[in-house]
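The primary structure of each chain is shown beneath.
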Amino acid sequence: RAAMGIPIATLFIVVVEFCERLCYYTFSGTQKVWLQDQGWSNSQSSSVNLIFGMLSYVSCFFGGWLASTRMGRFKTIVLLGGFYAAGTYLAAFASLPGIENVPMYLAGTMVLVTFGAGGI
């Protein structure tokens, strides 16, 4: 099937990619300041933010391998998109006022989001 002459699968990929980039740059732009608000130093929060970017880009090798050899493009996007969404929700929950749980936030961003970014 097609919508506006574009296959549905293509529209799905474009929407998922748009949401992923929006979320990635939101984390990348706010992570350093949030960690500093939690008592981390400028150098510590900068290092974590740079490692977040590096892990996100390095995980693409795993995502590409998974899509090419094991699961196919669409299943990989769905599976790793689920990891990404779970990490986003975990990090958002961890940063709520009154909760502000840094280990939970880092598990969401540095593990689930970066792993999911590799497949989107």
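Counting of residues starts from 1 at the beginning of each chain's written sequence and follows it residue by residue. Only residues with pLDDT of 70 or above have their local features reported here, since the model is predicted, and side-chain atom pairs are shown and tallied only from 80 upward, although totals for entire chains, interfaces and linings are computed over all residues. Side-chain metrics rest on all non-hydrogen atoms present in the structure, leaving aside hydrogens and water.

Asks: Sorry if this is basic, but what is going on with the packing of aromatic side chains here?
Replies: Within a pair of aromatic rings, the relevant descriptors are the distance that separates the centres and the angle that separates the planes. Note on ring pairs: Phe, Tyr and Trp rings are taken, using the six-membered ring of Trp, and paired if centres are within 6.5 Å. Classes follow the plane angle, with under 30 degrees stacked, over 60 edge-to-face and the rest tilted. Tallied over the entire structure, the rule returns nine aromatic pairs. Geometrically, the ring pair formed by Trp-34 and Tyr-105 is tilted, given 4.5 Å between the ring centres and 35° between the ring planes. With Trp-34 in helix H1 (residues 8–37) and Tyr-105 in helix H4 (residues 102–117), this pair connects stretches of sequence that are 71 residues apart. For Trp-34, a relative accessible area of 13% gives the class buried. Think of it in three bands: with a 1.4 Å probe and only protein chains considered, a residue is buried below 20% of the maximum accessible area for its type, exposed above 50%, and partly exposed in between. The exposure class of Tyr-105 is buried, given its relative accessible area of 4%. With a centroid separation of 4.9 Å and an interplanar angle of 85°, the aromatic rings of Phe-83 and Phe-115 are classed as edge-to-face. Here Phe-83 is found in helix H3 (residues 73–94), whereas its partner Phe-115 is found in helix H4, with 32 residues between them in sequence. Overall, the relative accessible area of 30% leaves Phe-115 in the partly exposed class. Cluster of aromatic residues (ring-pair linked, three or more members): Tyr-24, Tyr-25, Phe-27, Trp-34, Phe-52, Tyr-57 and Tyr-105. Our definition puts a charge over a ring when NZ of Lys or CZ of Arg is within 6 Å of the ring centre and also within 35 degrees of the ring normal. In this structure, Arg-21 packs its charged tip against the face of Tyr-24, placed 4.5 Å from the ring centre. Segments assigned H or I by DSSP are reported as helices when at least four residues long, segments assigned E as strands when at least two residues long, and all are numbered from the N terminus.

Asks: Any chance you could explain the environment of Tyr-89 here in plain terms?
Replies: Mapped onto the elements, Tyr-89 comes out in helix H3. A relative accessible area of 64% places Tyr-89 in the exposed class. The spacing of Tyr-89 and Ser-56 is 33 residues in sequence and 17 Å in space, taken between C-alpha atoms.

Asks: Got a minute to help me understand the pattern of salt bridges in this structure?
Replies: Close approach of charged atoms allows side chains with opposite charge to pair. One side-chain nitrogen of Lys or Arg within 4 Å of one carboxyl oxygen of Asp or Glu is enough to make a salt bridge. Overall, the coordinates contain two salt bridges when judged by the stated rule. Between Glu-17 and Arg-21 there is a salt bridge, with the nearest N and O atoms lying 4.0 Å from each other. With Glu-17 and Arg-21 both in helix H1 and four residues apart, the pair spans about one turn of that helix. On the basis of relative accessible area, Glu-17 is assigned to the partly exposed category, the value being 29%. Glu-20 is paired through a salt bridge with Arg-21; the nearest N and O atoms lie 2.8 Å apart. Among the charged side chains, a salt-bridge network with shared partners connects Glu-17, Glu-20 and Arg-21.

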